[in-house]
Amino acid sequence: SSGINAEYGYIHEFINENASHLQTESQVVYIFKLVSPFLRQWRNGTQRKQILYSLYQVMFSLLSENSASNPDLFVDFMYFIKYIYVGDEFKSMLERHLPSLPTNVASKLKFCGADKSD
């Protein structure tokens with residue numbers, strides 16, 4: 001069990017050190033496919049949230065540059081991450097980035113930042 005947690009730590013380091021180098025939609029999808037099978041098993045919730053936060057930031061960057069060929073894929077990832085892992089913890093980041101996103105993407109993500117009572 002401790003060996004598995006150590007490996008997860010390496011994944012955490014890899015993502016955080018390399019997130020700024022992710023420049024294409026396919027790179028983000030590849031990383032998400034590599035990491036997603038381990039997310040539920042990750043015992044350290046802080047590391048999991050840091051990785052997901054980094055991926056959110058990369059997705060926002062690509063979406064705001066309008067360089068994602070399939071922005072709905074990122075929208076789906078963001079909703080998945082919100083409802084399965086982070087709840088409203090990324091709400092302030094989402095609200096900060098919404099104005100810089102293309103209108104069609106921002107309209108799809110507006111409910112991702114909404115509280116359950118909204």
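As shown above, the structure is provided for reference.
Let me begin by describing the structure that accompanies this report. (Residues numbered from 1 in each chain as written. Predicted model: local features only at pLDDT ≥ 70, side-chain atom pairs only at ≥ 80, totals over all residues. Heavy atoms only, no water.)

### Considerations on the overall build of the chain
And step 1. The helix and strand inventory of the chain stands at six helices and zero strands.
And step 2. Secondary structure of the chain in N-to-C order comes out as α-α-α-α-α-α.
And step 3. Looking at the chain as a whole, 42% of its 118 residues qualify as buried.
And step 4. Sequence separation of at least 24 residues holds for 73% of the intrachain contacts in the chain that already meet a minimum separation of 6.
And step 5. Entry remark: accessible area of the chain is about 6,800 Å², with carbon and sulfur atoms responsible for 52%. (Helix = DSSP H or I, 4+ residues; strand = E, 2+ residues; numbered from the N terminus. Buried < 20%, exposed > 50% of the residue type's maximum accessible area, 1.4 Å probe, protein only. Contact = heavy atoms within 4.5 Å. Areas by Shrake-Rupley, 256 points an atom, 1.4 Å probe, with all protein chains shown as cover.)

### Let's talk about the environment of serine 54
And step 1. Tracing the chain through its elements places serine 54 in helix H3 (residues 45–64).
And step 2. Placed 34 residues apart in sequence, serine 54 and serine 20 show a C-alpha to C-alpha distance of 8.5 Å.
And step 3. Not counting residues up to four positions away in its chain, the partners in contact with serine 54 are Ile15, Asn16 and Ala19.

### Describing the packing of helix H2 (residues 25–39) against helix H4 (residues 71–86)
Helices that pack against each other are described as a pair by the angle of their axes relative to one another and the distance between those axes.
And step 1. Their axes nearest at 12 Å, the elements H2 and H4 cross at an angle of 25°. When the interaxial angle is binned, H2 and H4 end up roughly parallel. Crossing of H2 against H4: the hand is left-handed. Contact residues: Glu25, Val28, Val29, Phe32, Ser36 and Leu39 in H2; Leu73, Phe74, Phe77, Phe80, Ile81 and Tyr85 in H4.
And step 2. Here the residues of the contact of H2 with H4 sort into 10 nonpolar, one polar and one charged. (Axes fitted to C-alpha atoms, helices over the stretch in contact; angles between N-to-C directions. Parallel < 35°, antiparallel > 145°, perpendicular 65-115°, else oblique. Left-handed = near helix turned anticlockwise from the far one by under 90°. Nonpolar A, V, L, I, M, F, W, Y, C, P; charged D, E, K, R; others polar.)

### What to know about the environment of glutamine 47
And step 1. Counting through the fold element by element, glutamine 47 comes out in helix H3.
And step 2. Residue classification places glutamine 47 among the buried residues on the basis of a relative accessible area of 18%.
And step 3. Measuring from C-alpha to C-alpha, the distance between glutamine 47 and glutamate 13 comes to 9.1 Å, with 34 residues separating the pair along the chain.

### A word on unusual backbone geometry
And step 1. Not every positive phi belongs to a glycine, and asparagine 66 is a case in point at roughly 60°.
And step 2. By the element assignment, asparagine 66 lies in the loop between H3 and H4.
And step 3. A residue is classified by how much of its surface remains accessible, and asparagine 66, at 58% relative accessible area, is exposed.

### Brief notes about the nonpolar core
And step 1. If you look at the biggest cluster of nonpolar residues, it comprises 37 residues, and the most contacted ones within it are Tyr56, Met59 and Leu109.
And step 2. The set of elements that each furnish at least two residues to this core consists of H2, H3, H4, helix H5 (91–97) and helix H6 (103–109).
And step 3. The dominant element in this core, judged by the number of residues it contributes, is H3, at nine residues.
And step 4. The residues touching methionine 59, leaving out its near neighbours within four places in the chain, are Val28, Phe74, Phe77, Met78 and Ile81. (Core = buried A, V, L, I, M, F, W, Y, C linked by side-chain atoms within 4.5 Å.)

Functional significance is not addressed by these values, which are geometric in nature.
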